[in-house]
Amino acid sequence: MEILVSKIKDCFDGFAKDANAQIEKGNKAAGTRARKASLELEKMMKEFRKASLEFSKK
């Protein structure tokens with residue numbers, strides 16, 4: 001579970017960087033990368049929810 005949280009943090013950091021580049025500089029490519037990262041984050045958050053439930057049952 002610790003590895004998953006680390007992956008989520010890394011992905012979110014990349015998302016935030018790209019989203020800010022799109023907002024501040026109008027960088028369209030950064031917007032595309034941010035949208036892709038948001039989809040990856042969604043998948044990882046679902047995995048985290050499952051892992052968290054399993055962890056709480058122990």
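Quick note: structure is the one above.
Quick caveat, the model's predicted, so the values are computed rather than measured. (Residues numbered from 1 in each chain as written. Predicted model: local features only at pLDDT ≥ 70, side-chain atom pairs only at ≥ 80, totals over all residues. Heavy atoms only, no water.)

**Considerations on helix H1 (residues 2-25)**
Inclusion rule: Per the convention used, a helix needs a DSSP run of H or I reaching at least four residues, while a strand needs a run of E reaching at least two, with both numbered from the N terminus. In this scheme, a helix's expected span is set at 1.5 Å multiplied by one less than its residue total. Contacts: residue pairs with any heavy atoms within 4.5 Å of one another.
For H1, with 24 residues, the first-to-last C-alpha span of 34 Å sits near the 34 Å given by 1.5 Å per residue. Buried-residue contacts for H1 involve helix H2 (28-57).

**Digging into the pattern of salt bridges**
It is possible for side chains bearing opposite charge to pair when their charged atoms get close. For clarity, the threshold we go by: Within this document, salt bridges are pairs made up of a side-chain nitrogen of Lys or Arg and a carboxyl oxygen of Asp or Glu, the two lying within 4 Å of each other. Exposure categories follow from relative accessible area, calculated using a 1.4 Å probe and restricted to protein chains: below 20% of the type maximum is buried, above 50% is exposed, and the middle band is partly exposed.
Overall, the coordinates contain 3 salt bridges when judged by the stated rule. The closest approach of N and O atoms between Arg-33 and Asp-18, which form a salt bridge, is 3.3 Å. Taken together, the residues Arg-33 in helix H2 and Asp-18 in helix H1 connect sequence positions 15 residues apart. Overall, the relative accessible area of 43% leaves Arg-33 in the partly exposed class. Residue Asp-18 is classed as buried on the basis of its relative accessible area, which comes to 13%. For Lys-46, the salt bridge is made with Glu-42, and the minimal N-O distance between the two is 3.9 Å. Taken as a pair, Lys-46 and Glu-42 lie in helix H2 at a separation of 4 residues, close to a single helical turn.

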